[in-house]
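# Observations on the model geometry
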Amino acid sequence: MNNKLPITRLGKFFSQDDFDINIQMGQEYLHGDLNMKLVLYRVDRQKTDNDDVYAEAGMDEIKFFPPVEFNALVKIDEPKNSTYTKGLMRYNEPGNMILSVYITHLNELGIDIRYGDYIGYADSEEKLRYYTVTNDGRVTSDNKHKMFGYKPHYRNIVCAPTQEGEFRGV
Amino acid sequence: MGIPKRKNMINVYGKKDTYQGEHVGKRRQELLDMITKSDSFLPDSILHDDLDKGMLDYVKKTFMVVSDGTQIPIIEKILTIQRWGEFSANWEFSDGDGNVKLPFIAIIRKPDVQFGTNPSIQRTIPERHQYKYDTVPTWDGNAMGADIYKIPQPIACDITYDITIVCNKFRDLNKFNKIVLQHFTSRQAYTKVKGHFIPIILNSIEDNTPMETMDGRRFYMQTYKFIMLGFLIDSDEFEVKPAISRAFLVNESLGGATFKKRYITKTIDVVISTIVAGENQTIFTVGESINVLFNVAINGIVQEKDVHYRHLGGTSNIIFDLAGTPLMGDVVTINYYKGKNDKMYDQFDNELQVGRETFTYNGNDLSFTLSQKINTVISITTNGLIEFDEENYQLTDKNEVTLTGAPVNGSRIDFVYLY
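Small disclaimer: the values here were computed from a predicted structure and weren't measured. (Residues numbered from 1 in each chain as written. Chains lettered and ligands numbered in written order. Predicted model: local features only at pLDDT ≥ 70, side-chain atom pairs only at ≥ 80, totals over all residues.)

## Description of the overall build of chain B
Formally: Where helices and strands are cited, they refer to DSSP runs of H or I of at least four residues and of E of at least two residues respectively, numbered from the N terminus. Once C-beta atoms are placed from the backbone, each residue is buried if 20 or more other C-beta atoms lie within 10 Å of its own, exposed if 12 or fewer, and partly exposed for counts between those two. C-beta atoms are first placed from the backbone for all residues, and any pair lying within 7 Å is then listed as a contact.
Per the secondary structure count, chain B includes 4 helices and 28 strands. Here chain B holds 419 residues, and 24% of them are scored as buried. Across chain B, every contact between residues at least 6 apart in sequence was considered, and the portion connecting residues at least 24 apart equals 70%.

## What to know about the overall build of chain A
What chain A contains, in helices and strands, is 2 helices and 9 strands. In sequence order, chain A lays out its α and β elements as α-β-β-β-β-β-β-α-β-β-β. By residue count, 22% of the 170 residues in chain A fall in the buried class. In chain A, of all internal contacts separated by at least 6 residues, the share reaching a separation of at least 24 is 62%.

## Some thoughts on the sheet that holds strand β7 (residues 118-122) of chain A
All names here are of chain A. Where we set the bar: Note: two strands are recorded as paired if DSSP finds a minimum of 2 bridges between them. Axis lines are fitted to C-alpha atoms, over the contacting stretch for helices. Their N-to-C directions set the angle, which ranges from 0 to 180 degrees.
Taken together, 7 strands build an open sheet; the order of strands is β2-β1-β7-β8-β9-β6-β3 and the sheet is antiparallel. The outermost strands of the open sheet, each flanked by one partner alone, are β2 (68-71) and β3 (73-76). Going from strand to strand, the sheet's axes swing by 35 degrees on average, the running direction of each strand aside. As paired strands, strand β1 (residues 37-41) and β7 are joined by 3 bridges and run antiparallel to one another. If you follow Val39 over to β7, its bridge partner there is Gly120. Packing against the sheet, helix α1 (residues 16-34) makes contact with β2, β3 and β6 (97-102), and its axis sits at approximately 130 degrees to β6.

## Some words on the nonpolar core
Residues and elements named next belong to chain B. Let me state the cut-off plainly: Any nonpolar core is a set of buried residues, restricted to Ala, Val, Leu, Ile, Met, Phe, Trp, Tyr and Cys, that join up through C-beta atoms within 7 Å.
Membership of the largest hydrophobic core comes to 38 residues, with the highest contact counts inside it found for Met55, Ile107 and Met228. Looking at this core, the elements that each hand over two or more residues are α2 (48-62), β3 (104-109), β7 (155-167), α4 (170-183), β9 (196-207) and β10 (220-232). By size, the runner-up hydrophobic cluster in this structure holds 26 residues, among which are Tyr309, Val332, Ile334 and Tyr393.

## Regarding the pairing of strand β6 (residues 144-152) of chain B
Residue and element names in this part refer to chain B. Inspection of the sheet shows strand β5 (residues 130-139) paired to β6 by 9 bridges, in the antiparallel sense. Following the sheet pairing, Trp139 is matched in β6 by Met144. Taken together, β5 and the strand that follows it, β6, pair antiparallel across an intervening segment of 4 residues, in which Gly141 is found at a positive phi of about 95 degrees. In this sheet, strand β11 (residues 239-242) lies alongside β6 in antiparallel orientation, the contact comprising 4 bridges.

## Digging into the interface of chain A and chain B
Rule in force here: Under this grouping Gly is polar, as are all residues other than the nonpolar Ala, Val, Leu, Ile, Met, Phe, Trp, Tyr, Cys and Pro and the charged Asp, Glu, Lys and Arg.
Listed by partner, the interface residues are 19 residues for chain A and 18 residues for chain B. Among the residues forming the side of chain A that touches chain B, the class breakdown is 7 nonpolar, 4 polar and 8 charged.

## Side note on the sheet that holds strand β26 (residues 393-397) of chain B
Backbone hydrogen bonds hold the strands of a sheet together, and the pairing may be parallel or antiparallel. Residues and elements named next belong to chain B. In spatial order, the strands read β23-β27-β26; together these 3 strands make up an open sheet with antiparallel pairing. Bordering the open sheet on either side are β23 (367-369) and β26, each of which pairs with just one other strand. Recorded for the sheet is a direction-independent mean angle of 30 degrees between the axes of neighbouring strands. Pairing of β26 with strand β27 (residues 400-403) involves 4 bridges; the strand directions are antiparallel. For Tyr393, the partnering residue across the bridge sits in β27 and is Leu403.

## A few points about α4 of chain B
Residue and element names in this part refer to chain B. The following threshold applies: The span one expects for a helix is its residue count, reduced by one, times 1.5 Å. Each C-beta atom gives one direction from the helix axis, and the arc is the one those directions make.
For α4, with 14 residues, the first-to-last C-alpha span of 20 Å sits near the 20 Å given by 1.5 Å per residue. Of the residues making up α4, those classed as buried are Asp172, Phe176 and Val180. Along the long axis of α4, the arc covered by the buried residues comes to 65 degrees, so they all point the same way. When the buried face of α4 is taken as reference, the exposed residues oriented beyond 90 degrees from it are Phe170, Arg171, Asn174, Lys178, Leu181 and Gln182. Residues of α4 that are buried make contact with β1 (66-67), β7, β9 and β10.

## A closer look at the confidence of the model for chain B
Which entries qualify depends on this criterion: As a per-residue measure, pLDDT tells how confident the predictor is, with possible values from 0 to 100.
With 86% of its residues at a pLDDT of 70 or more, chain B has an overall mean of 80. The ipTM value of the predicted complex is 0.78, and its pTM value is 0.62.

## Focus: the confidence of the model for chain A
For chain A, mean pLDDT is 92; residues scoring 70 or higher make up 99% of the total. Within chain A, strand β4 (residues 80-83) of chain A has the poorest average pLDDT of any element, 86, and β6 of chain A the best, 97.

## Focus: unusual backbone geometry
Cis rather than trans, the peptide bond between Leu102 of chain B and Pro103 of chain B has omega equal to -5 degrees. Among the secondary structure elements, Pro103 of chain B is positioned in the loop between α3 (83-90) and β3. Even without being a glycine, Asn35 of chain A presents a positive backbone phi close to 50 degrees. Residue position: Asn35 of chain A is located in the loop between α1 and β1. Residue classification places Asn35 of chain A among the exposed positions, given that 9 C-beta atoms sit within 10 Å.

## Description of the environment of Met55 of chain B
Residues and elements named next belong to chain B. Looking at the element boundaries, Met55 is found in helix α2. Looking at Met55, the number of C-beta atoms within 10 Å reads 24, which means it is buried. Separated by 143 residues in the primary sequence, Met55 and Ile198 have C-alpha atoms spaced 9.5 Å apart. Those residues in contact with Met55, other than ones at most four positions away along the chain, are Ile107, Tyr161, Thr191 and Met228.

## Here we look at the environment of Gln27 of chain A
All names here are of chain A. Along the chain, Gln27 falls in helix α1. Among the residues examined, Gln27 registers 15 C-beta atoms within 10 Å and is labelled partly exposed. The residues contacting Gln27, other than those within four sequence positions of it, are Tyr102 and His105.

## A word on α2 of chain B
Residues and elements named next belong to chain B. The end-to-end C-alpha distance of α2, which contains 15 residues, comes to 21 Å, matching closely the 21 Å that a straight helix rising 1.5 Å per residue would cover. Every buried residue belonging to α2 is among Leu51, Asp52, Gly54, Met55, Leu56, Tyr58 and Val59, and all of these are buried. Contacts made by the buried residues of α2 are with β3, β7, β8 (188-193), β9 and β10.

Here is the structure:
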């Protein structure tokens, strides 16, 4: 086990207690007031049958751990009106979804979000869309992700919409 | 002046095996055995997946570079657009941030596969024409025969692979480069895919190292472009047909006042399918649509439709669920026409019909006059037993058949013929 390093910076103005209470207040707002819920489908990379050559799974062949509901701040980009070829074969799908999730929340749930995992987010009562994680935001060394430069407290996770042929929660 | 001494009998091949004289034939047979070791008399399919696997195996086996006492890991999969798959292929040597640790070697296949440039198997034969591959003897329980195995020309294809080494030591680059140059001094190396030797050529070496990066991360990255000169063999395109030696493909027909035998197998594709019954097997399938069913026999004894077996026109199954099932080991022969529809034509494009007539032998006359002009005799049975041997009957007129041997008085004689 790695040695733990005590974080004593900003000690005259900010402490672990301040850090914790700020997170608690933030979570009260995010989880209590906003209450944006998502479902995480963590891919079971050992049980998923994939072929020897391409590490590729077919329709409904991706095995995942039991889905976990979690809270995050959700921002979804505007849909793009695009075509596969020059002006033909139009498609229109949501933009990328960017999540901001508290690290302590993930730790409390005992989960980690990894590159390639799938996330479901309900557009409406009838429509659940699936996204795949394109940036798991694991690296949080920058100032933006650190509370006043003290310690990282949240992760930004970028997800792209996925096609039914790849994943549909089955 | 003395003659300078010269060495004689220098073995220019070193200690390698050489193939000369009769050894050439033996080596060829050995190669053929490797190709057909699946015991189907035909080569196994070679498709894109197999070629990719061959490349992965070659890279894993050949490009083993040791850096600081450990082998540089090779991502042993062709990476695709499924993101989780990429992670699952390299998580074993990823760091805490989920990044692949340096050094590593990756294999990237260009998704587009082009027509091949291998001169020995370029497109030379049009229309996917089938060519004889082998003749395989068969035994249907009664007569020796043969099947002709045919395959079309393999399709040449070129697959491009980028083998990329990413590392942070110049020495690792050198080691990798040395291995590549050693193996590709003659521009090509070979990998074995299902017994076939497939050439790989080194096309180019590129350096993509971001040397100009002053402030960012620095690493070495070199890409070796290889082209595999492969070919595709698809077993779905193979064809197995009964050879002409099969007794039931022989046709007798009348021509003027004299008789002559001729074969019309080019226009009438009559098939005898022989199946050895398994335990409690009730369904016997021929693997293709039966458009005209001539007869079904168990151990040479003709069975009656809707009494002993059922068959629905156009399907491939014969079902014995009416009056018991064949015993295990019984030989079930199914005689049918498998044309594209239920109409048959001779070589002159005349439509043919199936005639079925039954006579009772009265003890005197061995000649039987049928109601139609005989084009082709499919089968003649005596008391349900098929007369396989064509010597057992003769065509004595345009619509007359004469048996050469007398059956028991009161025997039932069944004729199935085309007219």
